[in-house]
Amino acid sequence: MSPTSPANPGCPTRRLTTAQALVAFLARQYTERDGRRQRLISATWGIFGHGNVAGIGQALMEAGGGRSGGGNGGAGNGAAHRMPYLQGRNEQAMVHAAVGYARQSGRLSAHAVTTSIGPGATNLVTGAALATINRLPVLLLPGDTFATRPADPVLQQLEVEYAGDVSVNDCLRPVSRYFDRITRPEALIPAVLQAMRVLADPAGTGAVTLALPQDVQAEAYDWPEEFFAERDWHVRRPAPDPHELEAAVRAVRSARRPLIVAGGGIRHSAAEETLAAFTAATRIPVASTQAGKGALRHDHPADVGGIGHTGTATADELARTADLVIGIGTRFSDFTTASGTLFANPAVRVLHLNITGFDAHKLAALPLVADARAGLEALTAALAGRGYRVDPAYETEYTGAKEAWEERVEESFATPDPTARPTQTQVLGLLDALVTEDDILINAAGSLPGDLHKLWRTRSRDQYHVEYGYSCMGYEIPAAIGVLLAAEGRTPRRPVWALVGDGTYLMNPTEIVTAVQENLPLKLVVLQNHGYASIGGLSESVGAERFGTAYRHRDADGGFTGPPLPVDLAANAASLGMRVLRATTVDDLRTALSEARDAGGPTCVYVETETPDTVSGPPPAQAWWDVPVAETASRPAAVKAREEYDRQVAARRRHL
């Protein structure tokens, strides 16, 4: 006869360690939206040390082991309830991989990440910030110091003189949407239920942290069997408030030059088709943020490209003259608003459809708090009987401007000399000519996001994967692994490209080893331009004269103006197990990219780009971005930059 739970008399129990119970619980959690059901936590990444090896590590071994599971184990896991384990090389990178997986999975499925105490735990902080800023779910399970304190301090423990209950895991509090420390086994039950609630909340998701003292992980407890029952977490689609909807309808109907700003919320809500239907009915043009690019295909008549500092001339000119800006699922960051200078029409109003009230009220907007798809459906239906459509002259204006911009794109992509070293934009042009709607491009930092936002022709809703909420160098390679894992099982397998500059590559190449270990067909394109090219260009524009941005030997005066460093990133990638294709000319690169696309294993294409194009490539920025310039300086470059800064900042406005 099974023992019963003291908390729930009559309920059978199962004796497991806290770690075993946690893993068994996670393997039985599901999300459901629109009738589609999937595992909420489909795998766990882990690097083991003394803080988690005997707890979570032992539990994962019993719960399935490898990617497709294995073993039945003491936690009672059947085939459907195994917990696959993924081996990473860097804790931050494991979070990036989990974030890439969650984004590709539409935020309906996520990964967990376990680490030891000390540096393993603090290495999570950057990845956690990235996840929370981008509203993407990831479960963090860092080990913690002993709850019972049999020895104090233990190895890697941070001692805080004024507080005995603080550990390095507290660094994760401000970057987590939910945080708890499990100091007793039974405390796991309410904490993990709250954790699942947050992970599945479309308005509140992000990084969730459960700090796990290493002694508590290994402690046994009689868990109620009902704790391990399968549980579905419904992902809501909240509809708009009728009063807010009616106010939104009035705002749209009174607009003569409306512009939609499509953000990442459209992708998270799978609202692309609904947006297309709305634009078909109203003919309102659609500009996109970095996260929203792909909301419409590049060749959709209403798509006018990226908006803001890295946007197109078409979108930015429409933004300057718009009398109604309709934000959908965006955070209205400074890149999108050109630091408050872009929406320049004195009469402009902002209408913001967003699932969170916090975002919906930004820019003193008229709020429409709802799921993006549900809100667009309601707005489309409410406008349908009232005959709204933009003036044909406005439609002709923006479609003509879009055609003119496409000519500039063609000029940037052109390769007149196939024997020359390619420029960065020519690299993108060669990729543009090669890919189909199946390909996925991943990028996050450097000068590439600006070029991609302005120039890339997005062919599917999930092709464009640029992480620009945190713009974290080192995101691309692990994120590509996460995307590949999310796309497993599809035949043929989708080509996934990670585009990185040399600066980003040097930050975090470690997960190449993971791609090799798992035989994932990652396509890595490394662009060598000998330094931080993007920041070099910014440095020059603000009077800092490219200080500290080049990868070069020191000169006689101690500066970094000597020859480029003899760093061979291609050899490095090969040493980590990748097949490497070197390209020196446009023709070489065209061949190498095609070969990489067809490859069945991890493949790197390495190319040194032409130096004059490495800052941002043509065309230049179409809107300003506020990076403060020294108010007093002795060097002429800084004095001149301050004059330009004062001129630009005068155009900033607060939307009230």
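None of these values were measured; they are calculated from a predicted model.

Criteria and cut-off values
- Residues numbered from 1 in each chain as written.
- Predicted model: local features only at pLDDT ≥ 70, side-chain atom pairs only at ≥ 80, totals over all residues.
- Heavy atoms only, no water.
- Helix = DSSP H or I, 4+ residues; strand = E, 2+ residues; numbered from the N terminus.
- Polar contact = N/O pair within 3.5 Å; in protein donor to acceptor, adjacent residues only side chain to side chain.
- Contact = heavy atoms within 4.5 Å.
- Buried < 20%, exposed > 50% of the residue type's maximum accessible area, 1.4 Å probe, protein only.
- Arc of directions from axis to C-beta.
- 1 Å grid on protein atoms, 1.4 Å probe; cavity = no way out; pocket = protein on both sides within 12 Å on 5 of 7 lines; lining within 4 Å.
- Points joined across faces, edges and corners; volume = space filled by probe spheres on them.
- Nonpolar A, V, L, I, M, F, W, Y, C, P; charged D, E, K, R; others polar.
- Patch = residues over 30% accessible without salt bridge, like charges linked within 9 Å, V, L, I, M, F, W, Y side chains within 5 Å.
- Areas by Shrake-Rupley, 256 points an atom, 1.4 Å probe, with all protein chains shown as cover.
- Salt bridge = Lys/Arg side-chain N within 4 Å of Asp/Glu carboxyl O.
- Phe/Tyr/Trp six-rings, centres within 6.5 Å; stacked < 30°, edge-to-face > 60°.
- Lys NZ or Arg CZ within 6 Å of the ring centre and 35° of its normal.

Peer 1: Help me get a handle on the side chain of Asn443, residues and values and all.
Peer 2: Looking at the element boundaries, Asn443 is found in strand β18 (residues 440–443). A distance of 3.4 Å separates the side chain of Asn443 from the side chain of Glu476, its partner in a polar contact. If we skip the residues at most four places from it in the chain, Asn443 touches Leu448, Pro449, Leu452, His465, Val466, Glu467, Glu476 and Leu499.

Peer 1: So what's going on with the environment of Leu353? Which residues, and what values?
Peer 2: Positionally, Leu353 belongs in strand β16 (residues 349–354). For the pair Leu353 and Ser254, spaced 99 residues apart in the sequence, the C-alpha separation amounts to 17 Å. Apart from residues no more than four positions distant in its own chain, Leu353 is found in contact with Gly327, Ile328, Gly329, Leu368, Ala370, Asp371, Ala372, Gly375 and Leu376.

Peer 1: For helix α10 (residues 272–282), give the residues involved together with the corresponding values.
Peer 2: Among the residues of α10, Glu272, Thr274, Leu275, Phe278, Thr279 and Thr282 are the ones counted as buried. Buried positions in α10, seen along its axis, are confined to an arc of 160° and lie on one side of it. Directly beyond the C-terminal end of α10, a positive phi value near 60° is found at Arg283.

Peer 1: How would you sum up the environment of Thr458? Please name residues and give values.
Peer 2: Within the secondary structure, Thr458 sits in the loop between α17 (448–455) and β19 (464–466). Among the residues examined, Thr458 registers a relative accessible area of 2% and is labelled buried. Expressed as a C-alpha distance, the spacing of Thr458 and Asp432, which sit 26 residues apart in the sequence, is 9.1 Å. Apart from the residues lying within four places of it in its own chain, the contact partners of Thr458 are Lys293, Gly294, Arg297, His298, Gln463 and Tyr464.

Peer 1: I'd love a proper account of the layout of surface pockets, names of residues and values included.
Peer 2: The space that makes up the second largest pocket amounts to roughly 610 Å³. As for the second largest pocket, its lining consists of 35 residues, of which Ser42, Tyr101, Ser105, Ser109 and Ala486 are closest to the centre. Listed by contribution, the elements that provide at least two residues to the lining of the second largest pocket are β3 (36–39), β4 (41–46), α3 (91–104), α9 (264–269) and α18 (476–486). Partitioning the lining of the second largest pocket into residue classes produces 11 nonpolar, 11 polar and 13 charged.

Peer 1: How would you sum up a nonpolar patch on the surface? Please name residues and give values.
Peer 2: Nonpolar side chains collect at one region of the surface, where Leu506, Leu565 and Val567 lie side by side and expose about 210 Å² of accessible area between them. Examined against the element boundaries, Val567 turns out to sit in the loop between α21 (533–541) and α22 (569–575).

Peer 1: Tell me about the pattern of salt bridges, and please be specific about residues and values.
Peer 2: Summed over all chains, the structure comprises 41 salt bridges. A salt bridge links Glu230 to Arg37; its shortest N-O distance comes to 2.9 Å. Taken together, the positions of Glu230 in the loop between β10 (220–224) and β11 (231–234) and Arg37 in strand β3 put the pair 193 residues apart, joining distant regions of the chain. On the accessibility criterion, Arg37 (41% relative accessible area) is partly exposed.

Peer 1: Tell me about the packing of aromatic side chains, and name the residues and values.
Peer 2: Each aromatic ring pair is specified by the distance between its two centres and by the angle formed by the two planes. Inspection of every chain in the model, using the stated rule, returns 11 aromatic pairs. Seen from their ring centres, Phe48 and Tyr85 are 5.5 Å apart, and the 25° between their planes marks the pair as stacked. Of this pair, Phe48 sits in the loop between β4 and α2 (53–62) while Tyr85 is found in strand β5 (residues 85–87), placing the two residues 37 residues apart along the sequence. Following the ring pairs from residue to residue traces out a cluster consisting of Phe25, Tyr221, Trp223, Phe227 and Phe228. For the cation-ring pair, Lys293 lies above Tyr464, with the distance from its terminal atom to the ring centre recorded as 5.5 Å. The ring of Trp456 carries the charged tip of Arg459 above its face, separated from the ring centre by 5.8 Å.

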